[in-house]
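Report on the structure
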Amino acid sequence: MSGVFVFIAFLWFVLAIAVGFHAKGHNRSGLLWFAVVFITGIFGVVFYLLAITSGSSNDSAEHIPDSGPTARNFEQRVRNQEALFLAVEEHLRNHGVVTKTGLQNTIYPEHPVGYESESDWWDEFLRPELEKRDDFERMDGIENGWKLASDD
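What you are looking at is a predicted structure, and each value in this text was computed from that prediction instead of being measured.

Right, let's talk about the sheet that holds strand β2 (residues 136–138) for a bit. Spatial ordering of the open sheet is given by β1-β3-β2, a layout of 3 strands whose pairing is antiparallel. The open sheet has two edge strands with one neighbour each: β1 (98–99) and β2. With 2 bridges connecting them, β1 and strand β3 (residues 145–148) associate as antiparallel partners. Across the sheet, residue V98 finds its bridge partner in β3, namely W146. Running at roughly 40° to β3, helix α6 (residues 118–132) makes contact with β2 and β3 of the sheet.

Structural data, given as structure tokens:
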């Protein structure tokens with residue numbers, strides 16, 4: 001009987017460690033979640049699962065990390081994106097109008113902002129961002145043509 005008790009205690013401990021590591025890997029307090037699961041057992045695991053799936057966690061797309069490598073990567077990505085839009089704006093000031101292909105040929109090679117292909121860069125990032133921003137607008141009569149909103 002004591003062997004069963006030792007086995008259950010061991011599994012309980014391993015489960016608490018696993019939850020602690022999972023929490024730490026997802027920007028939560030690993031030590032806190034280890035303690036919660038170690039003290040409450042399966043109830044702590046259920047509570048943890050509810051906490052990570054509630055939508056109010058730090059893993060949401062809206063979370064901006066405060067420090068560490070994730071923050072540095074985030075800050076670098078933001079700087080790269082800002083540089084990209086400054087390059088697009090400068091290109092438009094110099095040329096007046098630019099097309100998707102023109103942006104892919106002139107801006108993408110210097111500012112891929114993490115995208116592997118020109119088409120993904122355009123479809124998944126640049127076009128949706130241009131559409132959201134007030135300082136850029138589509139050109140009438142030119143397929144995938146863009147200009148600065150202040151240019152009329």
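On to unusual backbone geometry, then. Backbone geometry at V113 places phi at a positive 40°, although glycine is not the residue there. Residue V113 is classed as buried on the basis of its relative accessible area, which comes to 14%.

The subject of this paragraph is the confidence of the model for the protein. Summary statistics for the protein give a mean pLDDT of 81 and a share of 86% for residues scoring 70 or more. Averaged pLDDT values over the elements of the protein bottom out at 80 in helix α4 (residues 68–95) and peak at 90 in helix α2 (residues 30–40). Below pLDDT 50 for its whole length, residues 56–62 participates in 9 contacts with residues either more than four positions away or in separate chains.

Moving on: a negative patch on the surface. A contiguous patch of negative charge on the surface is contributed by E116, D120, D123 and E124. Along the chain, the position of D120 falls in helix α6. Owing to a relative accessible area of 32%, D120 belongs among the partly exposed residues under this scheme.

Criteria and thresholds
Residues numbered from 1 in each chain as written. Predicted model: local features only at pLDDT ≥ 70, side-chain atom pairs only at ≥ 80, totals over all residues. Heavy atoms only, no water. Pairing = 2+ DSSP bridges. Helix = DSSP H or I, 4+ residues; strand = E, 2+ residues; numbered from the N terminus. Contact = heavy atoms within 4.5 Å. Axes fitted to C-alpha atoms, helices over the stretch in contact; angles between N-to-C directions. Buried < 20%, exposed > 50% of the residue type's maximum accessible area, 1.4 Å probe, protein only. pLDDT = per-residue confidence, 0-100. Patch = residues over 30% accessible without salt bridge, like charges linked within 9 Å, V, L, I, M, F, W, Y side chains within 5 Å. Areas by Shrake-Rupley, 256 points an atom, 1.4 Å probe, with all protein chains shown as cover. Salt bridge = Lys/Arg side-chain N within 4 Å of Asp/Glu carboxyl O. Lys, Arg positive; Asp, Glu negative; His and termini not counted. Charge placed at Lys NZ, Arg CZ, Asp CG, Glu CD.

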